[in-house]
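Architecture and fold: a report
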Amino acid sequence: MFFSYSHADEALRDQIEKQLALLKRQGVIEVWHDRRIGAGQDFAKEIDRHVETDDIILLLVSSDFLASDYCYEREMAQAMQRHEVGEAIVIPVILRACDWHGAPFGKLQAVPTDGKPITQFPDRDQAMLEVIKAVRAAVGRIRPASPSKPAPAAAPPMSRPPAEPASPRSSNLRLARQFTDRDYDKFKHESFEFIAKFFENSLGELEQRNSGIETAFRRIDANRFTAAMYRNGKVISRCTIFVGGLAGGIAYYAGESTSGDTFNESMSVGSDEHELHLKCLGMQRGGAHNLSQEGAAEYYWSLLIERLQGR
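These notes cover the structure that comes with them. (Residues numbered from 1 in each chain as written. Predicted model: local features only at pLDDT ≥ 70, side-chain atom pairs only at ≥ 80, totals over all residues. Heavy atoms only, no water.)

Here the focus is the pattern of salt bridges. Scanning all chains against the criterion turns up 17 salt bridges. The closest approach of N and O atoms between Arg 219 and Glu 193, which form a salt bridge, is 2.7 Å. On the criterion of sequence distance, the pair formed by Arg 219 in strand E4 (residues 213–221) and Glu 193 in helix H7 (residues 181–209) is long-range, its members being 26 residues apart. On the basis of relative accessibility, which here comes to 34%, the residue Arg 219 falls in the partly exposed class. Within this structure, Glu 10, Arg 13, Asp 14 and Arg 35 form a network of salt bridges that share partners. (Salt bridge = Lys/Arg side-chain N within 4 Å of Asp/Glu carboxyl O. Helix = DSSP H or I, 4+ residues; strand = E, 2+ residues; numbered from the N terminus. Buried < 20%, exposed > 50% of the residue type's maximum accessible area, 1.4 Å probe, protein only.)

Put into structure tokens, the structure is as follows:
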């Protein structure tokens with residue numbers, strides 16, 4: 001199996017590879033990426049060899065991947081040619097939010113489910129588990145299990161008959177989605193959980209990296225948490241984030257509060273023809289629309305940290 005990815009996403013690639021450990025131990029797959037290239041080997045030749053021969057190709061999709069001429073025009077283009085004629089299985093893995101639907105692989109079923117970026121999951125391990133399940137399923141399509149009759153010894157491990165060339169068709173097959181109230185509510189609560197986890201992790205990392213800075217994260221209930229930053233024991237900034245505010249969205253208050261009526265900023269759930277997103281009311285810095293969960297978390301984090309940075 002070959003990883004096609006941008007080096008900007010190397011940390012996420014490493015995490016996915018760790019999740020593949022059991023498949024590797026079981027001998028189901030062998031994993032290769034460009035960090036396996038040894039000293040003195042021809043870089044381009046080694047990559048081409050794997051793109052042209054590996055059975056499964058993971059496209060780790062992000063804005064950096066789409067911006068890379070080598071990833072997009074060489075690796076992805078060769079991979080899609082092999083996919084179209086049945087010589088390989090290409091699986092797009094959406095790492096970070098980006099405009100990928102119009103790409104040649106946009107017609108393929110992406111993972112995680114519905115092409116939701118891995119970085120927007122409150123639990124990234126759960127998102128990566130979906131990737132591993134897709135890889136296992138792809139192996140099953142290439143090499144179906146045959147418990148009653150072992151494969152002939154002479155057959156190569158992942159051999160299959162050549163497929164007929166794909167019939168020509170449009171790649172513009174994605175129809176507009178109709179979102180229900182349940183979809184909106186589910187996205188709102190998933191977004192709140194993502195923001196809570198984002199703040200908890202960010203506060204912990206901030207404290208570790210900066211001498212004299214202490215932080216506090218407190219989960220009040222399923223719909224509310226508080227965060228605080230201290231310098232040498234003196235509070236510098238604190239906030240409360242909760243489900244509520246205008247239109248029952250996700251609200252931000254620059255202090256500690258148990259009220260649902262007091263807030264300094266609020267976000268609600270919006271949608272376009274294909275995806276749900278968050279849109280900011282704009283009480284602090286002007287409206288911000290089409291925010292991903294990560295973008296919304298960063299926006300609220302910037303409100304909390306600006307006092308610490310002396311703004």
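The subject of this paragraph is helix H1 (residues 10–19). One full turn of an α-helix is made of 3.6 residues, so residues set three or four places apart face in the same direction. Those residues of H1 not exposed but buried are Glu 10, Leu 12, Arg 13, Ile 16 and Glu 17. Buried residues of H1, viewed axially, fall in a sector of 155 degrees; they line one side. Exposed positions of H1 whose direction lies more than 90 degrees from the buried face are Ala 11 and Lys 18. Residues of H1 that are buried make contact with strand E1 (2–4), helix H2 (21–25), strand E2 (56–61), strand E3 (89–94) and helix H6 (124–142). (Arc of directions from axis to C-beta. Contact = heavy atoms within 4.5 Å.)

What follows covers the pairing of strand E5 (residues 224–231). The buried fraction of E5 is high, at six of eight residues. Relative to E5, E4 is paired through eight bridges, and the arrangement is antiparallel. Looking across to E5, one finds that Arg 218 is bridged to Thr 226. The turn linking E4 back onto E5 is made up of two residues. (Pairing = 2+ DSSP bridges.)

Moving on: the sheet that holds strand E9 (residues 276–280). Strand order in the open sheet formed by six strands is E4-E5-E6-E7-E8-E9, with antiparallel pairing between adjacent strands. If you trace the sheet from one side to the other, it starts and ends with E4 and E9, each paired once. Put simply, the sheet's adjacent strands are angled 20 degrees from each other on average, direction ignored. Where strand E8 (residues 265–271) and E9 come together, five bridges link them in antiparallel fashion. Counted as the bridge partner of Gly 270 is His 277 from E9. Along the sheet face, H7 touches E4, E5, strand E6 (234–244), strand E7 (249–253), E8 and E9 and points at about 155 degrees away from the line of E4. (Axes fitted to C-alpha atoms, helices over the stretch in contact; angles between N-to-C directions.)

By rolling a water-sized probe across the atoms, one finds the places where empty space is left. Of the voids in this model, the largest pocket is the one considered here, and its volume is about 660 Å³. Lining the largest pocket are 27 residues, with Lys 116, Gln 120, Phe 187, Glu 275 and Leu 276 positioned closest to its centre. Broken down by secondary-structure element, the contributors of at least two residues to the lining of the largest pocket are H7 and E9. Here the residues of the lining of the largest pocket sort into ten nonpolar, eight polar and nine charged. (1 Å grid on protein atoms, 1.4 Å probe; cavity = no way out; pocket = protein on both sides within 12 Å on 5 of 7 lines; lining within 4 Å. Points joined across faces, edges and corners; volume = space filled by probe spheres on them. Nonpolar A, V, L, I, M, F, W, Y, C, P; charged D, E, K, R; others polar.)

Pairing is parallel across the open sheet formed by three strands, whose spatial order is E1-E2-E3. Looking along the sheet, the strands with just one partner apiece sit at the ends: E1 and E3. The average angle at which neighbouring strand axes cross in this sheet is 25 degrees, direction not considered. Bridge analysis of E1 against E2 gives three bridges, and the strand direction is parallel. By the bridge assignment for E2, Ser 4 is matched with Leu 59. Against the sheet, H6 touches E2 and E3, its axis set at about 175 degrees to E3.

Mapping His 50 onto the fold places it in helix H3 (residues 43–53). Not counting the four nearest positions on each side in its chain, His 50 is found in contact with Phe 2, Trp 32 and Arg 82.

Attention shifts here to the packing of aromatic side chains. Tallied over the entire structure, the rule returns 13 aromatic pairs. On the numbers, 5.8 Å between centres and 25 degrees between planes, the contact of Phe 2 with Trp 32 is stacked. Taken together, the residues span a long stretch of sequence, with Phe 2 in strand E1 and Trp 32 in the loop between H2 and H3 at a distance of 30 residues. Each member of the pair, Phe 2 together with Trp 32, is buried. An aromatic cluster of at least three residues, connected via ring pairs, comprises Phe 192, Phe 194, Phe 198, Phe 199, Phe 217, Phe 225 and Trp 301. In this structure, Arg 224 packs its charged tip against the face of Phe 242, placed 4.4 Å from the ring centre. (Phe/Tyr/Trp six-rings, centres within 6.5 Å; stacked < 30°, edge-to-face > 60°. Lys NZ or Arg CZ within 6 Å of the ring centre and 35° of its normal.)

So, on to a nonpolar patch on the surface. Taken together, the side chains of Leu 246, Leu 281 and Met 283 make up a nonpolar region of the molecular surface, amounting to roughly 270 Å² of accessible area. Its place among the elements puts Leu 281 in the loop between E9 and helix H8 (293–305). We classify Leu 281 as partly exposed; its relative accessible area is 44%. (Patch = residues over 30% accessible without salt bridge, like charges linked within 9 Å, V, L, I, M, F, W, Y side chains within 5 Å. Areas by Shrake-Rupley, 256 points an atom, 1.4 Å probe, with all protein chains shown as cover.)

Relative orientation of the contacting elements H3 and helix H5 (residues 69–84) amounts to 30 degrees, with a least axis distance of 8 Å. In terms of axis orientation, H3 runs roughly parallel to H5. Here H3 and H5 pass one another in a crossing that is right-handed. Where H3 approaches H5, its residues Ala 44, Ile 47, Asp 48, His 50, Val 51, Glu 52 and Thr 53 are matched on the opposing element by Tyr 70, Arg 74, Glu 75, Gln 78, Ala 79 and Arg 82. (Parallel < 35°, antiparallel > 145°, perpendicular 65-115°, else oblique. Left-handed = near helix turned anticlockwise from the far one by under 90°.)

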